[in-house]
Amino acid sequence: NKGSKPAGDVIVTDPIPEHMDYVDGSASSDGTRLTFSADGGKTFATKDKLVVKAEDGSSRAAKADEITHIRWQFEKPLAPGESRSVEFRARVE
């Protein structure tokens, strides 16, 4: 936070790079609310509630290789001068 006041409501949204798959369980989550998207970043949910439509129209749990975006929402404001980092791993398809 380069500002002179606390930065609240900080959200970082990161797309999984093209031709890469998210490595399940690799996203950091310390001090953040971690959510995922499997629809190009249109909607987000926790990993245990992330679903996709199957070919027959039913819903099923999303697989790690179907995740398109990861979102971190910081639970506490960042103080002036404070920095934080988020990370995840991905593997080449």
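Residues numbered from 1 in each chain as written. Predicted model: local features only at pLDDT ≥ 70, side-chain atom pairs only at ≥ 80, totals over all residues. Heavy atoms only, no water.

(A) Region of the structure containing the overall build of the protein chain. Helices and strands together make up the secondary structure of the protein chain, namely zero helices and seven strands. Along the protein chain, helices (α) and strands (β) appear in the sequence β-β-β-β-β-β-β when read from the amino end. Principal axes of the C-alpha set define a box for the protein chain whose edges measure 55 × 25 × 20 Å. Of the contacts formed within the protein chain by residues at least 6 apart in sequence, a portion of 71% connects residues at least 24 apart. Split by element, the accessible area of the protein chain, about 6,400 Å² in all, is 48% carbon and sulfur. Between the averaged position of the 14 positive side-chain charges in the protein chain and that of its 16 negative side-chain charges there is a distance of 5 Å. (Helix = DSSP H or I, 4+ residues; strand = E, 2+ residues; numbered from the N terminus. Contact = heavy atoms within 4.5 Å. Areas by Shrake-Rupley, 256 points an atom, 1.4 Å probe, with all protein chains shown as cover. Lys, Arg positive; Asp, Glu negative; His and termini not counted. Charge placed at Lys NZ, Arg CZ, Asp CG, Glu CD.)

(B) Quick look at the sheet that holds strand 1 (residues 11-15). A sheet is described by the order of its strands in space; here three strands give the open sequence 1-6-3, paired in antiparallel fashion. Each edge of the open sheet is held by one strand with a lone partner, namely strand 1 and strand 3 (32-37). Between one strand and the next, the sheet's axes are offset by a mean angle of 15°, whatever the strand orientation. Pairing of strand 3 with strand 6 (residues 69-74), which is carried by six bridges, proceeds in the antiparallel orientation. Each bridged residue has a counterpart across the sheet, and for S37 the counterpart in strand 6 is H69. (Pairing = 2+ DSSP bridges. Axes fitted to C-alpha atoms, helices over the stretch in contact; angles between N-to-C directions.)

(C) Fine view of the pattern of salt bridges. For the coordinates displayed, the defined rule picks out two salt bridges. In this structure, the salt-bridge partner of K47 is D24, at a minimum N-O distance of 3.5 Å. On the criterion of sequence distance, the pair formed by K47 in the loop between strand 3 and strand 4 (51-53) and D24 in the loop between strand 2 (20-22) and strand 3 is long-range, its members being 23 residues apart. Classification of D24 by relative accessible area gives partly exposed; the value is 49%. When the shortest N-O distance is used, the salt bridge between E66 and R60 registers 2.6 Å. (Salt bridge = Lys/Arg side-chain N within 4 Å of Asp/Glu carboxyl O. Buried < 20%, exposed > 50% of the residue type's maximum accessible area, 1.4 Å probe, protein only.)

(D) Local environment of the nonpolar core. Counting 14 residues, the largest nonpolar core has Y22, A27, F36, I67, I70 and F88 as the members making the most contacts within it. In contact with I67, other than residues within four places in its own chain, are I16, Y22, F36, S37, A38, K47 and L50. (Core = buried A, V, L, I, M, F, W, Y, C linked by side-chain atoms within 4.5 Å.)

(E) Expanded view of the packing of aromatic side chains. According to the stated counting rule, one finds three aromatic pairs in the structure shown. Look at Y22 and F88: their rings are 6.3 Å apart centre to centre, the planes differ by 50°, and that puts the pair in the tilted class. Here Y22 is found in strand 2, whereas its partner F88 is found in the loop between strand 6 and strand 7 (90-92), with 66 residues between them in sequence. Grouped by ring-pair contacts, the aromatic residues Y22, F36, W72 and F88 constitute a single cluster. In this arrangement the basic side chain of R71 is found over the ring face of F44, its NZ or CZ atom lying 3.8 Å from the centre. (Phe/Tyr/Trp six-rings, centres within 6.5 Å; stacked < 30°, edge-to-face > 60°. Lys NZ or Arg CZ within 6 Å of the ring centre and 35° of its normal.)

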